[in-house]
Amino acid sequence: MEERIYKNSLNYIPIDVAKGIDRNTGKRVNADDVDPNYERMPKCMHCENFTLNKEKIGLGLCRMGKEFIAYPDMAAITCVGYKERVS
């Protein structure tokens, strides 16, 4: 199950690795706090073009056109080839 926390939410503006700002309220929040108005951020791990590499933990392959290495947790909000995976 997906964690409904700020670092996985569109409502999160990162300041550094551990903290950021809630886009709705403007208040400072921790990246791992639960976001009450959670909206899932597009990330490679949720894309149809992404395949997790079972040999190298923490890496995967993007198969959008030419294959390249991608991280599962990489934000894909500006990716033109992002297609939400239907579960």
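Structure: above.
Attention here is on the structure that accompanies the text. For clarity, every value in this text was computed on a predicted model and none was experimentally measured.

### Examining the overall build of the protein chain
Counting secondary structure elements, the protein chain contains 0 helices and 6 strands. Across the protein chain, helices and strands are ordered from the amino to the carboxyl terminus as β-β-β-β-β-β. Projected onto the principal axes, the alpha-carbon positions of the protein chain cover approximately 40 × 25 × 25 Å. When burial is assessed residue by residue, the protein chain has 32% of its 87 residues classed as buried. Carbon and sulfur atoms form 56% of the exposed surface of the protein chain, whose accessible area is close to 6,300 Å². Charge-centre separation for the protein chain: the mean point of 14 positive side chains lies 4 Å from the mean point of 13 negative side chains.

### Brief notes about the side chain of His-46
By the element assignment, His-46 lies in the loop between strand E3 (28–30) and strand E4 (50–52). Note on His-46: relative accessible area 12%, which makes it buried. A polar side-chain atom of His-46 sits 3.3 Å from a polar atom in the side chain of Arg-40. Beyond its immediate sequence surroundings of up to four residues, His-46 is in contact with Glu-2, Arg-40, Met-41, Tyr-82, Lys-83, Glu-84 and Arg-85.

### Some details on the environment of Leu-52
One can find Leu-52 in strand E4. For Leu-52 and Ala-70, which are 18 residues apart along the polypeptide, the C-alpha to C-alpha distance reads 8.9 Å. In this structure Leu-52 touches Leu-59, Gly-60 and Pro-72, once residues within four positions along its chain are discounted.

### A closer look at the environment of Lys-66
Looking at the secondary structure, you find Lys-66 in the loop between strand E5 (60–62) and strand E6 (68–70). The exposure class of Lys-66 is exposed, given its relative accessible area of 72%.

### Here we look at the sheet that holds strand E1 (residues 12–14)
On the basis of which strands lie adjacent, the open sheet formed by 3 strands has the order E1-E2-E3 and antiparallel pairing. Two strands in the sheet have a free side with no partner beyond their single neighbour: E1 and E3. On average, each strand axis in the sheet is inclined to that of its neighbour by 45°, with strand direction left out of account. As paired strands, strand E2 (residues 19–22) and E3 are joined by 3 bridges and run antiparallel to one another.

### Concerning the pattern of salt bridges
Evaluation of the coordinates by the stated rule reveals 5 salt bridges. With a shortest N-O distance of 3.4 Å, Asp-32 and Lys-7 are connected by a salt bridge. Of this pair, Asp-32 sits in the loop between E3 and E4 while Lys-7 is found in the segment before E1, placing the two residues 25 residues apart along the sequence. The partner of Glu-84 in a salt bridge is Arg-40, and the shortest N-O contact between them spans 1.9 Å. One end of the pair, Glu-84, is in the segment after E6; the other, Arg-40, is in the loop between E3 and E4, with 44 residues separating them in the sequence. For Glu-84, a relative accessible area of 38% translates into the label partly exposed.

Thresholds applied
- Residues numbered from 1 in each chain as written.
- Predicted model: local features only at pLDDT ≥ 70, side-chain atom pairs only at ≥ 80, totals over all residues.
- Heavy atoms only, no water.
- Helix = DSSP H or I, 4+ residues; strand = E, 2+ residues; numbered from the N terminus.
- Buried < 20%, exposed > 50% of the residue type's maximum accessible area, 1.4 Å probe, protein only.
- Areas by Shrake-Rupley, 256 points an atom, 1.4 Å probe, with all protein chains shown as cover.
- Lys, Arg positive; Asp, Glu negative; His and termini not counted.
- Charge placed at Lys NZ, Arg CZ, Asp CG, Glu CD.
- Polar contact = N/O pair within 3.5 Å; in protein donor to acceptor, adjacent residues only side chain to side chain.
- Contact = heavy atoms within 4.5 Å.
- Pairing = 2+ DSSP bridges.
- Axes fitted to C-alpha atoms, helices over the stretch in contact; angles between N-to-C directions.
- Salt bridge = Lys/Arg side-chain N within 4 Å of Asp/Glu carboxyl O.

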